[in-house]
Amino acid sequence: RLLIIDFGSQVTQLIARRLRELNVYCEIHPYQKVTEESLKEFDPRAIIFSGGPDSVMREGSPRPPKAAYELGVPILGICYGQQVMMHDLGGRVEAGEHATAEFGRAYVTPTKDHTDLLNGWFMDATGKEQVWMSHGDHVAEIAPGFEVYGTSPGAPFAITADTERRFYAVQFHPEVHHTPNGATLYENFIKLAGFSGDWTMGAYREEMIAKIREQVGDKKVICALSGGVDSSVTGILLHEAIGDQLTCVFVDHGLLRLGEAEQVVNMFRENYNLNLIHADESDLFLGALEGVSDPEVKRKTIGKLFIDVFQKYADQIEGAEFLAQGTLYPDVIESVSFSGGPSVTIKSHHNVGGLPEKMGLKLVEPLRELFKDEVRALGHELGLPASFIGRHPFPGPGLAIRCPGEITREKLDILRKADAVYIDQIRKHGLYDEIWQAFAAILPMRTVGVMGDGRTYDYALALRAVTSVDGMTADYYPFTHEFLSETSTRIINEVKGVNRVFYDCTSKPPGTIELE
Ligand code: XMP
């Protein structure tokens, strides 16, 4: 197994992710916890020093134990990790001046024949590799035994290695997306460390289960299950780990899609035999939303009620000490905030944040290290049906934000039916997996139409479909005219109360994905 010593970089988890993609087992340990003894006990086959925000010239800045260099295992130092390595082994690091600091895209050129680490790099016609740099300080003198293999304008020692001792150190971040061939570098590193690459998601599942058992002991846990992938995987994983010590609460706010509540509840009860409370509180939510048309008021009303309701049910579970949440790694980084600056609130997103403090519960967050696609892979491993794993995201406030203006039961009913027809069309045409998210929204207006020989005065619908990677930006999906006209016809014929269908061809930005 591989040990990543974390010096506090924002992207350390990405290193772990790259290694998992290469089927290598790794653990991230914060530098404060790594001691000579813990190193011996962990017995790593290779070590990676992550980047970090500090400066090695500062007294008391983070360091690995000296013993790390004496284990005889390969070490890869990244950014701050490179500077630490050079500093510890007899090189010299200089504070960054404006001219040598580099942030963003840079190009490394080779200065020497390839080492094992670089095998497969610099192979394109330009003889340069695009890399991502983010450093103020830089190495000014390399340590004895090292040679330079690549250089960039701001980092004369962009790639350095002591191939004898198998110590490798790079100034850039090979783990990020903006170093397009970075994965090759990790692959070469783990090969030369002798990993066979046979670690799997199945093994991860077992580790998670063991960790949950260790954390929870014989205490009780509650979990808010929404039917989305993250909370479903969290629930099932916990159920596997602690069985009946877990109770899940599915808060049904009456703003779910057609048949959704039953599908979710049945799936969990039948397939997993999970303790599940179906909290049907639609009257409460719809009552509170009566007459509300302001989007933010809607969101806040739902968010607050959700917490109240969840708490009410949780209070019935005697002795619950933990709250399980499907927090993913991107949620963790976002909440740490890269820039440090406050950003404008576009929409108050609904989640259960704030719950644990209020309820005095401790958190169990088994997915905290994972990315969405890894959660899907884990869900697959846990036997979640593919139709569940691949579901489009669905927002916490549900159909409320797909019903601009005032929400009525009649409108919700129409919306549910129309949305089901639309999604059915998308599935029939084999487009569901190509689209990141698709849904219908009911517009706050009626328009005139003619059906048969009569006049109609009914609701208009907007159909939305987008492609996206993370929901932060999105393009509208380019359906064919045939698809759109067939879908429009079906909706108007099959759903009473709709006589007009629009297709929303706004990307994000400037539009958001949801209508509110
Ligand atoms: P927007 O509309 O902000 O949506 O472009 C981006 C993604 O986030 C989802 N979304 C939410 N998810 N609670 C959620 O859990 C919310 O309050 C919420 N609002 C939007 C939206 O469906 C899309 O996937």
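All of these numbers come straight from a predicted model, not from anything done at the bench.

Draft legend 1. Spatial organisation of the overall build of the chain. In terms of helices and strands, the chain carries 15 helices and 20 strands. Viewed in the frame of its principal axes, the chain has a C-alpha envelope of about 90 × 55 × 40 Å. Across the 516 residues that make up the chain, the buried fraction comes to 54%. Counting only contacts in the chain whose residues sit at least 6 apart along the sequence, the fraction spanning at least 24 positions is 76%.

Draft legend 2. Region of the structure containing the environment of Ser 152. You can see Ser 152 is positioned in strand β9 (residues 147-152). For the pair Ser 152 and Leu 284, spaced 132 residues apart in sequence, the C-alpha separation works out to 62 Å. Among residues more than four places away in sequence, those in contact with Ser 152 are Glu 102, Tyr 107, Val 108, Met 133 and Ala 158.

Draft legend 3. Here's a closer look at unusual backbone geometry. Looking along the chain, the bond that leaves Lys 508 and enters Pro 509 is cis, with omega of -15°. Within the secondary structure, Pro 509 sits in the segment after β20 (498-503). Across the junction of Pro 509 and Pro 510, the peptide omega takes the value 10°, indicating a cis bond. Structurally, the position occupied by Pro 510 is in the segment after β20. For Asn 23, which is not glycine, the phi dihedral falls at a positive 60°. Topologically, Asn 23 is positioned in the loop between α1 (12-21) and β2 (26-30). Although it is not a glycine, Asn 273 adopts a positive phi angle of roughly 55°. Tracing the backbone shows Asn 273 in the loop between α7 (260-272) and β14 (276-280).

Draft legend 4. Main features of α1. Across the ten residues of α1, nine count as buried, placing the element largely inside the fold. Taken together, the buried positions of α1 are Thr 12, Gln 13, Leu 14, Ile 15, Ala 16, Arg 17, Arg 18, Leu 19 and Arg 20. Asn 23 occupies a position one or two residues after α1 and carries a positive phi of about 60°.

Draft legend 5. Fine view of the pattern of salt bridges. For the coordinates displayed, the defined rule picks out 32 salt bridges. Linking Glu 260 and Arg 391 is a salt bridge whose minimum nitrogen-to-oxygen distance equals 3.6 Å. Of the two residues, Glu 260 is situated in helix α7 and Arg 391 in the loop between α13 (386-389) and α14 (409-428); the sequence distance between them amounts to 131 residues. The same class applies to Glu 260 as to Arg 391, namely buried. When the shortest N-O distance is used, the salt bridge between Lys 417 and Asp 413 registers 3.5 Å. Taken together, the positions of Lys 417 and Asp 413, both in helix α14 and four residues apart, correspond to about one turn of that helix. Within the structure, one salt-bridge network assembled from shared partners comprises Arg 17, Arg 18, Glu 21 and Asp 373.

Draft legend 6. Broad picture of the domain arrangement of the chain. Domain annotation for the chain reports domain 1 (2-192), domain 2 (201-389) and domain 3 (408-503). Approximately 630 Å² of surface area, both sides summed, lies buried where domain 2 meets domain 3, with 56% of it carried by carbon and sulfur atoms. Taken as a group, Arg 257, Leu 258 and Leu 286 account for 55% of the area that domain 2 buries against domain 3, more than any other trio of residues on that side. Counting the contacts that link domain 2 with domain 3 gives one salt bridge. Salt-bridge contacts for Asp 283 lead to Arg 409; the nearest nitrogen and oxygen are separated by 2.9 Å. At the surface where domain 2 touches domain 3, the tally comes to three residue pairs in polar contact (both at pLDDT 80 or more). Looking at the side of domain 2 that touches domain 3, its residues break down into four nonpolar, one polar and three charged.

About the criteria used
Residues numbered from 1 in each chain as written. Predicted model: local features only at pLDDT ≥ 70, side-chain atom pairs only at ≥ 80, totals over all residues. Heavy atoms only, no water. Helix = DSSP H or I, 4+ residues; strand = E, 2+ residues; numbered from the N terminus. Buried < 20%, exposed > 50% of the residue type's maximum accessible area, 1.4 Å probe, protein only. Contact = heavy atoms within 4.5 Å. Salt bridge = Lys/Arg side-chain N within 4 Å of Asp/Glu carboxyl O. Domains from an automatic or database assignment. Buried area = accessible area lost by both parts, 1.4 Å probe. Polar contact = N/O pair within 3.5 Å; in protein donor to acceptor, adjacent residues only side chain to side chain. Nonpolar A, V, L, I, M, F, W, Y, C, P; charged D, E, K, R; others polar.

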